[in-house]
Amino acid sequence: MKHLNPVGLFLFSCTCLQLSAAAPARAGISREAEALVNWKASLVSADESLGSWSLANSTSLCSWTHIVCDPAGHITGLSLGGTSLSGTLDRLDFSAFPQLKNLILSNNSLYGTIPAGIGNLTSLVQLYISGNPYLRGAIPHSIGQLKHISGLVLSDVGLDGTLPEKIGNLTTLEQLRLNSVPLTGSIPPTIGMLAKLRVLSMQQNNLTGNTPLQIGNMTELYALYFSDNYLEGQLPGTISNLINLQELDLSINQLGGHIVTDLGNSSSLYMVDIAHNNFSGLFPSSICMGSVLHTVGAGYNGFTGIHHQTFQNCTSLQNVVFTANNIVADIRDIFGEHLRQLRMIAFSKNQLYGTLLTDEGENDDSGYYRFEGKIQIVWKNVDYVYTTKIAGMVGIGLSGNVLSQEIPGGLATLLGLRYLNLSGNHLSGCIPEEIGNLVLLESLDLSRNQLSGEIPPSLTDADNMQEKLTKKLHSCISCFKAKALNEV
């Protein structure tokens, strides 16, 4: 009987171990290929780029289109956004992809429901299924099993039902976008467990009830968008805990009461839109504490006042809209004397009094804020978008107040002005000749005042008015109104 060489025996043993270890890996990869091919076969249609998905080509799985693999050959990414997928997710075996980290299914024509099996993707980091309007049903509770997920985007789908309480299990989540789902019911308090969340967006849903107190636990949050829902009640005082907040949009809800005075605790607050709610009392004076505030939209509420220091030193501010409130104030107390950085002021339908602000001085470029890029303006319910370079103020809306005395000639130094509405005040005197220098002016409304004298010839020569201004004064010479053709 021959004895085996010890070295040979050792090598033989190692080879057996390698083969036994490799067998499950190959089986797993084969299962991944089969799962994709079976799902593809169930689809009504798909992009031609999925042509490489075939079992005959399974040995080169990682070369299939839209697939990313790890060094061991397991699928870690499926990027199928905009690939004309039409069909359901029912035949996709999610459990076959234990290493999958990124699943992108956005902008397709998927229909049916999101299967509970999606919770088997326990390694998932990014899940994007937005832009599939034919998906139905509720967000599955199994979504709470995705313990490693950092980005969840389910916007613009046809789902319904409530936001599962198990959403609070996703403690690694940094971005949650659920716009136009549309969700119903209230926001679960468990959302406060998402301590790492940086972006929370649930716009254009049917959410009801109060904003949970626990929202103040998400101290990493820099963007909070709840606009266009049916949220009600007061904002919780805990919202002042969001010290990293940059953008806050709560517009078009049924929120009310007084706003917590230290809302502006975030030194980074850049944009606040709380328009179309039922807020009342004084507007919080801390809103520009960080000195980076750019835009405030608070129109169509019941605010009665603005603290005189709220905006006076807010040199970063460019757009301010308080249309249709109950603000009683001298306009100079709100802004002071210097308006050069502002692009839009809208305070129509309030009870402002005093004289119009002016910013007299040398008429040179150094006095203007210069902007280059895209700007969107909503003026009398019409959207305007401009991409050309402009200088200084773009629009002033102060109609329906009790402003008095003359229109200041200093308005003519705002060479970027396109919209000027001072109607329904107590302005008197003549229309300044310098108004004709506003060559970009498209809409001018000075009606329902006590103006007198002749219309300046320079107005009828303005090149960029979309309709020639008519020289029509009533017998009392108290009404002047010129409207651009595209004004609503």
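Nothing here was measured: the structure is a model prediction, and the numbers come from that model.

Colleague: Which residues make up the overall build of the protein, and what are the values?
Modeller: Counting its secondary structure elements, the protein contains three helices and 35 strands. Taken over 488 residues, the protein has a buried fraction of 51%. Pairs at least 24 residues apart make up 54% of the contacts formed inside the protein by residues separated by at least 6 positions. When the accessible surface of the protein is totalled, it reaches about 21,700 Å², and 52% of it is carbon and sulfur.

Colleague: Would you mind going over the environment of A324 in detail, with residue names and values included?
Modeller: Within the secondary structure layout, A324 lies in the loop between β21 (319-321) and β22 (328-330). You can call A324 buried: its relative accessible area is 18%. Taking C-alpha positions, A324 is 9.5 Å from H276, a pair spaced 48 residues apart along the chain.

Colleague: Hey, could you go over the sheet that holds strand β10 (residues 184-185) for me, with residue numbers and the actual values?
Modeller: Taken together, six strands build an open sheet; the order of strands is β10-β12-β14-β16-β18-β20 and the sheet is parallel. Of all strands in the sheet, those with a lone pairing partner are β10 and β20 (302-306), marking the two edges. Of the pairings in the sheet, the one linking strand β18 (residues 278-283) to β20 comprises four bridges and is parallel in character. What sits directly across from L282, in β20, is G305.

Colleague: Before we move on, can you summarise the state of the cysteines with the specific residues and values?
Modeller: Scanning all chains against the criterion turns up two disulfides. There is a disulfide in this structure between C62 and C69, and the S-S distance comes to 2.3 Å. A torsion of -105° about the S-S bond marks the disulfide between C62 and C69 as left-handed. Shown here is the disulfide that connects C288 with C314, its sulfur atoms set 2.0 Å apart. One disulfide, between C288 and C314, carries an S-S torsion of 80° and so falls in the right-handed class. Separated by 26 residues along the polypeptide, C288 in the loop between β18 and β19 (295-297) and C314 in the loop between β20 and β21 bring together distant segments of the chain. Overall, C288 belongs to the buried group, its relative accessible area being 9%. Look at the protein and number its bonded cysteines as they come in the sequence; the links are 1-2, 3-4.

Colleague: Can you lay out the packing of aromatic side chains for me, pointing to particular residues and giving the numbers?
Modeller: The geometry of two aromatic rings is summed up by the distance between their centres and the angle between their planes. Under the counting rule described, the total for this entry stands at eight aromatic pairs. Between F283 and F303, the ring centres sit 5.4 Å apart and the planes meet at 80°, which makes this aromatic pair edge-to-face. Of this pair, F283 sits in strand β18 while F303 is found in strand β20, placing the two residues 20 residues apart along the sequence. Each of the two residues, F283 as well as F303, counts as buried. For the ring pair F311 and F322, a centre distance of 6.2 Å and an interplane angle of 65° mean the geometry is edge-to-face. One end of the pair, F311, is in the loop between β20 and β21; the other, F322, is in the loop between β21 and β22, and eleven residues separate them in sequence. Here F311 falls in the buried class, since its relative accessible area comes to 3%.

Colleague: Go over the sheet that holds strand β34 (residues 450-451), please, and point to the residues and values.
Modeller: Read across the open sheet, the five strands follow the order β22-β24-β30-β32-β34; overall the sheet is parallel. The open sheet has two edge strands with one neighbour each: β22 and β34. Here strand β32 (residues 426-429) pairs with β34 via two bridges, running parallel. Considered in β34, the bridge of S428 is made with Q450.

Colleague: Please set out a nonpolar patch on the surface residue by residue, giving values where relevant.
Modeller: A cluster of nonpolar side chains, namely V44, Y111 and Y134, defines an oily patch on the protein surface of about 320 Å² accessible area. Mapped onto the elements, Y134 comes out in strand β7 (residues 134-135).

Colleague: How would you sum up the nonpolar core? Please name residues and give values.
Modeller: Counting residues in hydrophobic clusters, the biggest one holds 118 residues, and the most contacted among them are F311, F322 and F347. The set of elements that each furnish at least two residues to this core consists of α1 (6-42), β2 (75-79), β18, β20, α2 (331-335) and β33 (443-446). No other element matches α1, which puts six residues into this core. Once you skip the residues sitting within four places of it in the chain, F322 turns out to touch F283, V296, A298, G299, F303, I306, F311, I327, A346, F347, S348 and N350.

Colleague: Report on the pairing of strand β24 (residues 351-354), specifying residues and quantitative values.
Modeller: Because side chains alternate across β24, one face comprises the buried residues L352 and G354, and the other comprises Q351 and Y353, none of which is buried. One ladder, built from two bridges, connects β24 with strand β30 (residues 402-406); its direction is parallel. Paired with Y353 across the bridge in β30 is V402.

Colleague: Summarise the pattern of salt bridges; cite the residues concerned and give the values.
Modeller: As enumerated under the stated definition, the model contains two salt bridges in all. Across the pair R418 and E442 runs a salt bridge whose closest N-O atoms are separated by 2.9 Å. Pair noted here: R418 is in the loop between β30 and β31 (419-421) and E442 is in the loop between β32 and β33, with a separation of 24 residues, a long-range link. The pair formed by R418 and E442 is uniform in burial state, with each residue classed as buried.

Colleague: I'd love a proper account of unusual backbone geometry, names of residues and values included.
Modeller: The omega angle of the peptide bond from V181 to P182 is -5°, so this bond is cis rather than trans. Position of P182 among the secondary structure elements: in the loop between β9 (175-177) and β10. Of note in the backbone geometry, N107 takes a positive phi value of approximately 60° without being a glycine. For R448, which is not a glycine, the phi torsion comes out positive at approximately 55°. Along the polypeptide, R448 turns up in the loop between β33 and β34.

Colleague: Talk me through the confidence of the model for the protein; I want residue IDs and the actual numbers.
Modeller: Mean pLDDT for the protein: 83, with 80% of residues reaching 70 or above. Contacts of residues 359-391 to residues separated by more than four positions or lying in other chains number 78 contacts, the stretch itself having pLDDT below 50.

Reading the values: the criteria
- Residues numbered from 1 in each chain as written.
- Predicted model: local features only at pLDDT ≥ 70, side-chain atom pairs only at ≥ 80, totals over all residues.
- Heavy atoms only, no water.
- Helix = DSSP H or I, 4+ residues; strand = E, 2+ residues; numbered from the N terminus.
- Buried < 20%, exposed > 50% of the residue type's maximum accessible area, 1.4 Å probe, protein only.
- Contact = heavy atoms within 4.5 Å.
- Areas by Shrake-Rupley, 256 points an atom, 1.4 Å probe, with all protein chains shown as cover.
- Pairing = 2+ DSSP bridges.
- Disulfide = S-S within 2.5 Å.
- Phe/Tyr/Trp six-rings, centres within 6.5 Å; stacked < 30°, edge-to-face > 60°.
- Patch = residues over 30% accessible without salt bridge, like charges linked within 9 Å, V, L, I, M, F, W, Y side chains within 5 Å.
- Salt bridge = Lys/Arg side-chain N within 4 Å of Asp/Glu carboxyl O.
- Core = buried A, V, L, I, M, F, W, Y, C linked by side-chain atoms within 4.5 Å.
- pLDDT = per-residue confidence, 0-100.

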